[in-house]
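These are the residues of each chain, in order.
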Protein chains: 2
Amino acid sequence: MSEYVAPIRDMQFVMKELAGLDQVGQLPSFGDATEDLVDAVLEEAGKFANGVLSPLNRAGDQIGAKWADGKVTTAPGWQDAYRQFAESGWTSLACDPEYGGQGLPKLLSTAVMEMWKSANMAFSLCPMLTNGAIEALVLRGTDEQKSTYLTRMVSGEWTGTMNLTEPQAGSDLAAVRTRAEPQADGSYKIFGQKIFITYGEHDLTDNIVHLVLARLPDAPEGVKGISLFLVPKFMVDAEGTIGARNDVHCVSIEHKLGIHASPTCVLAFGDHGGAIGYLIGEPNRGLEYMFIMMNEARFAVGMEGLALSERAYQQALGYARDRIQGTEAGVRGGGKVAIIRHPDVRRMLMSMKSQTEAMRALAYVVGAATDLAHDHPDEAVRAQQQAFVDLLIPIVKGWCTENAIDIASTGVQIHGGMGFIEETGAAQHLRDARITTIYEGTTAIQGNDLIGRKIARDGGVAMKAVIEQMRAVVVQLNDQDSPEFRAIRVAFAAGITALEEATDYVLQTYGSDIKAASVGAVPMLKLFGIVAGGWQMARAALVAQQRLGEGTGDASFYQTKIVTTRFYADHVLSQAPGLAYAVVNGAAGALALDDDQF
Amino acid sequence: MSEYVAPIRDMQFVMKELAGLDQVGQLPSFGDATEDLVDAVLEEAGKFANGVLSPLNRAGDQIGAKWADGKVTTAPGWQDAYRQFAESGWTSLACDPEYGGQGLPKLLSTAVMEMWKSANMAFSLCPMLTNGAIEALVLRGTDEQKSTYLTRMVSGEWTGTMNLTEPQAGSDLAAVRTRAEPQADGSYKIFGQKIFITYGEHDLTDNIVHLVLARLPDAPEGVKGISLFLVPKFMVDAEGTIGARNDVHCVSIEHKLGIHASPTCVLAFGDHGGAIGYLIGEPNRGLEYMFIMMNEARFAVGMEGLALSERAYQQALGYARDRIQGTEAGVRGGGKVAIIRHPDVRRMLMSMKSQTEAMRALAYVVGAATDLAHDHPDEAVRAQQQAFVDLLIPIVKGWCTENAIDIASTGVQIHGGMGFIEETGAAQHLRDARITTIYEGTTAIQGNDLIGRKIARDGGVAMKAVIEQMRAVVVQLNDQDSPEFRAIRVAFAAGITALEEATDYVLQTYGSDIKAASVGAVPMLKLFGIVAGGWQMARAALVAQQRLGEGTGDASFYQTKIVTTRFYADHVLSQAPGLAYAVVNGAAGALALDDDQF
């Protein structure tokens, strides 16, 4: 099994030459984010990912987290790695300096997050969930909650969890039944059971801060009656000193296909008299607060898709270079060669590589837009960037994760029979990737978000603005006259046309026949992902061509970008018209059967 | 976890109304294969699959086969199930009556094999590998080998294995190093190590008959110096009485992603003085004999793709009917509904269902063609059918197995979070399916076989004959005028055009630039699979329309066939032009990078 090496050169290319690091660095809040600082952070994060997290990934999978008597023991090396992770300041990278954070741009923390997730996805889930809880407290916590809990979560002293799901309330949070009873002292007693709680119990820190969705006694039915509560594992006084054990207990952990080292907990609240909790923000607005954090969480899961694709690619590439098998096609009397010389292995590697690069480019561009949306001095720019981020979040989440399953599976295929043997490590990436299209909203939920809230609601304004930007890139491509750029232009232009057709269908149908529109939701999401990825790849190829013309930088690196974009155009963008066809024509057949005709 | 129920009605439809069971039944060798007999066999096999094999599938996965001190203990219930399997005569269904077989048509044994593989794929591998060894002995065994070994393998008393792979010789059998030293008594001593030997050791029978590829001392290098040997686990006298232990030992079994109950063995031959073996057929023709059996073996693995897709579909459908979550799109104030009501779940189920039906139709048609190719009285028909079988074998193998991975993954997706929990059972189908695109020749090897031996070698004659048959179906579709049939016709016609374009590219390129042609091999295979599946679905829809017009049979069943074909047209056939684009345009980008630019 190969260890991970952070693709820093590629990350720098995307950050600096595609995503506008210079623009982000000039934002008032990021005066410190000089290029030198960014490079230094990437370097250090790469060392930590490669040297500390990646070597634990395999044992984490094989041994996993263990449950006994309500306690969870994390996998070998996890405790030490977490201590180092917190001590090195990685928990606080993008957090607000007011609470001890380093306040670095999202664009930078995005690249760093990619590294954690490539190196050891199961480990990365602990800080990721904590980050979600941190955001909620920053947005809606009281000063006391902030000083007692938030600062310790930013420093990594304590971790956080998000308690949404219940057995009957998975994608449908309206069905949440956990209840909160007001107490005389202003606190609440929480009763209920939550499932699928990532790092809901562990041995990494002295305390765990659970954020819990529950209903007040007088709450309205459905989504408008859900409130958000803070429930610590151990009670805490105003100085943060740990006191009595609270009545929240891990009654079991799940036996899963992947991410074995990430404990997925069933948490029982209030089985012994009630778990003490504190209201966050206002009553009955819990789901709204969750929605505020949702972009962040979905973006992070999208990054898992990218990160696992990169890891699977590195693993497969290493194998393809080492494994000697067969002779080269068309070479008579030649010796045995490494399988990277075989055309189909090369096709598979290019497919993994080009899609991974497309995902990285798109995700980082969205990360940079998030920085601009938060901190740009011009309100109009902020609004415009936020609309872009909102539109693209379901794509980063849904497209990157769907791709990751295919890409990790291709990685297994490149290994041949060895890919099916667990010792090789390729299969783990597929097993780990398989959760990413499910949690934080399935791909269908992303697709419905895309066609409903993101396209239909504003009458396609944000979408058409993106299509305009894409068309501007086609104009730039017209200036280039080489077989590579012609191939890129043809496939990209066809992709845009397909995207526009499908968008028009969604706009025409969503209001009048939501079921018909919804059949197209996931194909539409994939179509948009493919074309948006192609857009960023086309931009990358244009930048590369410019550098080659100037004679600046590493010529081989830039030539590779053009070739990779061309491959993406021929093999990936070429799927766009077929997806548009399914969006526009596919509803009737999907909806015609009665339930009992299946 | 749901148990499997054999889809007998669908199997009968394909056998009788698409694959020409009546024609097969009239072949001289199958005088016994009346419709009544066929129905009775399907009924009994369905009971065995559902009642005996399916209930063992989950424990087989969770506990698996265990190795200790050279012995393999099969999973709980395996021994009893195998005994019943052999006693019921299932090992001998399609075998030659001369050796105790029942001599039933391939078309029937295909349907029965689908059931074993759906119910319990890991179990099914044991009789499948035995069948391969049986075929080799039928074709090239001496009379003595036949009477001693073959009859006991047909009866199921002993099992067989195929020993091809070595650590350095996976896809490239030219690299086989196992050696065979001639002995004075006409036998050989075999020395070497074989890996990935399915059921190479087990506790189901008293003896195991290993067929082993090895080199004679004076053998030429490469593929022309490989001979085939019979190496029993225990020596046997002329009466079949078991004697001394032979020097072949299982030194370990693999820890795999799936098919845990199928022991994948490392076998050491000759570590204690030499394993006694007997030459099968002539020296140095071992690989040629393997090729004779290859169609059969590849077809069987293709059936695994179909079978696991059917199983995954049944599991997902059961869950989608039971799981209550959310309200129906577009219905205000409605109650919670089963998720089968959600448009995207419906899309996913239709995708699974329609592709599974397309695979079944194509595979059974190829099964029937195999019967005709073997037994039709007219030599010209035999030759024509054999060319059809040869052309389609890489499609049945490669396309059905690639589909199975996607379909099993879709099955996981329909389960949402529960799909990632192993107890649910959905994930097992994905893990089991993942081997099918690898063993018996990876998808790339199938693709290269398709474009080289099957398309380029005869100048596209066999392929163009198939395209002609497809076009004849388009003419029939022209007679139907309904939205369903218009949709089917449009997508199918576009698919045929795409297939023809890609075929022309292969024919133009294969001789002059084999690398460029080879980049397109796997996209070409998928394209052909999709269009060939669409062809059979279109035939099914036409038959259904005719039955509906006649007012014969179950109207709902036939209506469903038309809807399912229409879905397939809009969502699956619509991918064909994009794949043709990749075949025709995709070589340059795939081949342009230097190895170190990856």
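Counting restarts for each chain: residues are numbered from 1 in the order of the written sequence. Labels are handed out in written order, letters beginning with A for the chains and numbers beginning with 1 for the ligands. Only residues with pLDDT of 70 or above have their local features reported here, since the model is predicted, and side-chain atom pairs are shown and tallied only from 80 upward, although totals for entire chains, interfaces and linings are computed over all residues. Here the side-chain values reflect all heavy atoms present in the structure, with hydrogen atoms and water set aside.

- Chain A has the name 3-methylmercaptopropionyl-CoA dehydrogenase in an unreviewed UniProt entry, where Denitromonas iodatirespirans is given as its organism.
- Database annotation for chain A, UniProt heading Sequence similarities (unreviewed entry): "Belongs to the acyl-CoA dehydrogenase family." UniProt positions are given in the numbering used here, feature names are shortened, and annotations may be inferred rather than shown by experiment.

## With respect to the relation of the copies chain B and chain A
Inference 1: Once chain B is rotated about the relating axis by 180 degrees and shifted along it by 0.0 Å, it coincides with chain A to within an RMSD of 0.0 Å. One copy is carried onto the other by what is essentially a two-fold rotation axis.
Inference 2: Most of the interface of chain B is mirrored in chain A: 100% of its interface residues are interface residues there too. Our superposition of the copies is a least-squares fit, built on the C-alpha atoms of residues whose pLDDT is at least 70 in both. Any two residues having at least one pair of non-hydrogen atoms within 4.5 Å are treated as being in contact.

## Digging into the packing of aromatic side chains
Inference 1: Side-chain rings of Phe, Tyr and Trp (the six-membered ring for Trp) are treated as a pair once their centres are within 6.5 Å; stacked means planes under 30 degrees apart, edge-to-face means over 60, and tilted covers the remaining angles. A complete count under the given rule lists 26 aromatic pairs over all chains for this structure.
Inference 2: Ring centres 5.0 Å apart and planes at 65 degrees place the aromatic pair Tyr188 of chain A and Phe229 of chain A in the edge-to-face group. With a gap of 41 residues between them, Tyr188 of chain A in strand 5 (residues 188-198) and Phe229 of chain A in strand 7 (residues 227-232) connect regions that are remote in the sequence. Residue Tyr188 of chain A shares its accessibility class with Phe229 of chain A, and that shared class is buried.
Inference 3: With a centroid separation of 5.8 Å and 75 degrees between ring planes, the pair formed by Phe48 of chain B and Trp116 of chain B is classed as edge-to-face. One end of the pair, Phe48 of chain B, is in helix 3 (residues 35-53); the other, Trp116 of chain B, is in helix 6 (residues 106-119), with 68 residues separating them in the sequence. When sorted by exposure, Phe48 of chain B lands in the same class as Trp116 of chain B, which is buried.
Inference 4: Following the ring pairs from residue to residue traces out a cluster consisting of Phe48, Trp78, Tyr82, Phe85, Trp90, Trp116 and Phe123 of chain A.
Inference 5: Two limits define a charge over a ring: the Lys NZ or Arg CZ must be within 6 Å of the ring centre, and within 35 degrees of the ring normal. Looking at Arg9 of chain B, its charged tip hangs above the ring of Phe557 of chain B, at a distance of 4.0 Å from the centre. For helices the rule is a DSSP run of H or I covering at least 4 residues; for strands it is a run of E covering at least 2, with both sets numbered from the N terminus onward. Per-residue accessibility, obtained with a 1.4 Å probe over protein chains only, is compared with the maximum for each type, and a residue is labelled buried under 20%, exposed over 50%, and partly exposed between these values.

## Some words on the interface of chain B and chain A
You'll often see interface size given as the accessible area lost when the parts meet.
Inference 1: Tallying the contact residues gives 90 residues for chain B and 90 residues for chain A.
Inference 2: At the boundary of chain B with chain A, total buried surface from both sides reaches about 7500 Å², with 60% on carbon and sulfur atoms.
Inference 3: Two parts placed together each lose some accessible area; with a 1.4 Å probe, that loss summed over both constitutes the buried area. For the chain B face of the interface with chain A, the top three residues by lost area are Gln413, Phe420 and Phe598 of chain B, together amounting to 12%.
Inference 4: Criterion for a salt bridge: a side-chain nitrogen of Lys or Arg within 4 Å of a carboxyl oxygen of Asp or Glu. Our enumeration of links across chain B and chain A arrives at eight salt bridges.
Inference 5: Here Asp172 of chain A and Lys336 of chain B are joined by a salt bridge, their closest N and O atoms 2.5 Å apart.
Inference 6: Whenever two N or O atoms come within 3.5 Å, that pair is a polar contact, provided that in protein one can donate a hydrogen and the other can accept it, and provided that, for residues adjacent in sequence, both atoms are side-chain atoms. Across the chain B-chain A interface, the total number found is 40 residue pairs in polar contact (both at pLDDT 80 or more).

## Some words on the domain arrangement of chain A
Inference 1: Domain delimitation in this document rests on an assignment produced automatically or drawn from a domain database. Split by domain assignment, chain A resolves into domain 1 (8-154), domain 2 (159-285) and domain 3 (444-588).
Inference 2: Look at where the C-alpha atoms of domain 2 of chain A and domain 3 of chain A centre, and you get two points 41 Å apart.

## Some words on the nonpolar core
Inference 1: What we call a nonpolar core is a set of buried Ala, Val, Leu, Ile, Met, Phe, Trp, Tyr and Cys residues that are connected through their side-chain atoms within 4.5 Å. The biggest cluster of nonpolar side chains holds 384 residues, and the ones touching the most others in it are Tyr364, Phe492 and Phe528 of chain A together with Tyr364, Phe492 and Phe528 of chain B.
Inference 2: Not counting residues within four places of it along the chain, the set of residues in contact with Tyr364 of chain A comprises Met11, Val14, Met15, Ala19, Leu107, Thr110, Ala111, Glu114, Met303 and Leu306 of chain A.
Inference 3: Ala214, Cys250, Cys265 and Phe269 of chain A belong to the second largest nonpolar core, which has 19 residues in total.

## Notes on the pairing of strand 4 (residues 179-182) of chain B
Residue and element names in this part refer to chain B.
Inference 1: For two strands to count as paired, DSSP must find a minimum of two bridges between them. The pairing of strand 4 with strand 5 (residues 188-198) spans four bridges and is classified as antiparallel. Bridge pairing in strand 5 links Arg179 to Phe191.
Inference 2: Between the antiparallel neighbours strand 4 and strand 5 lie five residues, among them Gly186 with a positive phi of about 90 degrees.

## Comments concerning the UniProt feature "domain: Acyl-CoA dehydrogenase/oxidase N-terminal" (unreviewed entry) in chain A
Inference 1: In the numbering used here, UniProt assigns the feature "domain: Acyl-CoA dehydrogenase/oxidase N-terminal" (unreviewed entry) to residues 76-157 of chain A.
Inference 2: Spanning residues 76-157 of chain A, this segment combines 68% helix with 0% strand, and its end C-alpha atoms are found 20 Å apart.

## Quick notes on the environment of Phe234 of chain B
Inference 1: Position of Phe234 of chain B relative to the elements: it lies in strand 8 (residues 234-236).
Inference 2: Discounting chain neighbours no more than four positions away, the residues touching Phe234 of chain B are Asp206, Asn207, Ile242, Gly243, Ala244, Arg245 and Asn246 of chain B.

## Quick look at the packing of helix 10 (residues 343-375) of chain A against helix 17 (residues 521-550) of chain A
Residue and element names in this part refer to chain A.
Inference 1: Packing of helix 10 against helix 17 leaves a shortest axis separation of 8 Å and a crossing angle of 90 degrees. When the axis of helix 10 is compared with that of helix 17, the two are roughly perpendicular. Residues Ser354, Glu357, Ala358, Ala361, Leu362 and Val365 of helix 10 form the contact with helix 17, whose participating residues are Ala532, Gly533, Gln536, Met537 and Arg539. For every element, the axis is a line fit to its C-alpha atoms; helices are fit only across the contacting stretch, and the angle between N-to-C directions ranges from 0 to 180 degrees. If an angle is under 35 degrees, it is roughly parallel; if it is over 145, roughly antiparallel; if it lies from 65 to 115, roughly perpendicular; otherwise it is oblique.

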